[in-house]
Amino acid sequence: MTRKQLTLGEAFAEFVRHPSPWMLLTWAGALWVVRLTVGGWSVGDAVIAVALVAFSPVGEWLIHIGILHWRPRTLAGITIDSRLARDHRLHHRDPRDIPLIFIPWPSLMVIIALTPLVVLAFSNTGKGLTFVLTVATFLVFYEWIHYLVHTDYKPRHAIYRAVWRNHRYHHFKNENYWFTVTSSGTADRLLGTYPDPRAVESSPTVRDLHAASITG
């Protein structure tokens, strides 16, 4: 990408040119239709939605560290290294490569395919749909924010500016901190990965995750 001032409309036009946003929007849209058709709303649905949104920063942190920053391991001659981890290392290598910003569509297909199993895990179909619907809707939001942070769209409001800065520190200063994506100073502060950037040294492996462990 050539660096240039980008409007929000131009950023959105690029966003919808890629498959994963459409997959997420279709999934979330279909779930909204089904959930509204099933009906039977109650306070429990609100509790599920609020609880999932409240947990989302911690969820992002755990996924980022445990899955995306997974260090390849060899057991019995077999290398254990997921598609998500491999793509994330490429994403760190070139944070401006747009296709690498998005959730890989094969991985997204697996997540979507789990919808019936998750719904069936609930004794109440409506509650199960609310659970999956909340996850799907949040992932639409996650995909958009993560994409936008990596574009040349400049922050105009304090909340988004903080999110933008938080993720940029992770990619351009030190990969061992600032793991949340859609919020700033939430789970990172809670889990000890939100230091003062001025006190953190720039990492030599911020663009080459696990370089020492892979080559060594």
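Residues numbered from 1 in each chain as written. Predicted model: local features only at pLDDT ≥ 70, side-chain atom pairs only at ≥ 80, totals over all residues. Heavy atoms only, no water.

As annotated in an unreviewed UniProt entry, the protein is Fatty acid hydroxylase family protein from Mycolicibacter virginiensis.

A closer look at helix α2 (residues 19-38)
Between the first and last C-alpha of α2 there are 29 Å, a value that for 20 residues agrees with the 28 Å anticipated at 1.5 Å per step. Of the positions making up α2, those classed as buried are Ser20, Pro21, Met23, Leu24, Trp27, Ala28, Leu31 and Arg35. All buried residues of α2 lie within an arc of 160° about the axis, which places them on one face of the element. Away from the buried face of α2 by more than 90 degrees, exposed residues Thr26, Val33, Leu36 and Thr37 are located. (Helix = DSSP H or I, 4+ residues; strand = E, 2+ residues; numbered from the N terminus. Expected span 1.5 Å × (residues − 1). Buried < 20%, exposed > 50% of the residue type's maximum accessible area, 1.4 Å probe, protein only. Arc of directions from axis to C-beta.)

Quick look at the packing of helix α3 (residues 43-68) against helix α4 (residues 83-93)
Remark: α3 packs on α4, axes separated minimally by 9 Å, with the N-to-C direction vectors making an angle of 95°. With respect to α4, the axis of α3 lies roughly perpendicular. Here His64, Ile67 and Leu68 of α3 come into contact with α4, specifically with Leu84, Ala85 and His88. Its residues assigned to classes, the contact of α3 with α4 comprises four nonpolar, two polar and no charged. (Axes fitted to C-alpha atoms, helices over the stretch in contact; angles between N-to-C directions. Parallel < 35°, antiparallel > 145°, perpendicular 65-115°, else oblique. Contact = heavy atoms within 4.5 Å. Nonpolar A, V, L, I, M, F, W, Y, C, P; charged D, E, K, R; others polar.)

Here we look at the UniProt feature "domain: Fatty acid hydroxylase" (unreviewed entry) in the protein
Taking the numbering used here, the UniProt-annotated feature "domain: Fatty acid hydroxylase" (unreviewed entry) corresponds to residues 50-193. The distance separating the terminal C-alpha atoms of residues 50-193 is 24 Å; by composition the span is 62% helix and 4% strand. (UniProt positions renumbered as here; feature names shortened; annotations may be inferred.)

What to know about the side chain of His170
Inspection of the secondary structure puts His170 in helix α8 (residues 158-172). The exposure class assigned to His170 is buried, which follows from its relative accessible area of 0%. A distance of 3.1 Å separates a polar atom in the side chain of His170 from a polar atom in the side chain of His92. Here His170 is in contact with His64, His69, His92, Glu175, Tyr177, Trp178, Phe179 and Val206, once residues within four sequence places are set aside. (Polar contact = N/O pair within 3.5 Å; in protein donor to acceptor, adjacent residues only side chain to side chain.)

Describing unusual backbone geometry
Phi angles above zero are rare outside glycine, and Ala76 is one such case at about 50°. Its location among the elements puts Ala76 in the loop between β1 (73-75) and β2 (78-80). Looking at Ala76, the relative accessible area reads 85%, which means it is exposed. Positioned with a positive phi, Trp178 is a non-glycine residue whose angle comes to about 60°.

A few points about the nonpolar core
Inside soluble globular proteins, nonpolar side chains tend to come together where they are buried. By size, the foremost hydrophobic cluster in this structure holds 15 residues, and its most contacted members are Ala11, Trp144, Tyr147, Leu148, Val149 and Tyr160. Examining the composition of this core, we find that five residues originate from one element, helix α7 (residues 125-149), more than from any other. In this structure Val149 touches Tyr160, Val163, Trp164, His167 and Arg168, once residues within four positions along its chain are discounted. Judged by nonpolar contacts, the second largest core, of 13 residues, contains Leu24, Trp27, Val132 and Leu139. (Core = buried A, V, L, I, M, F, W, Y, C linked by side-chain atoms within 4.5 Å.)

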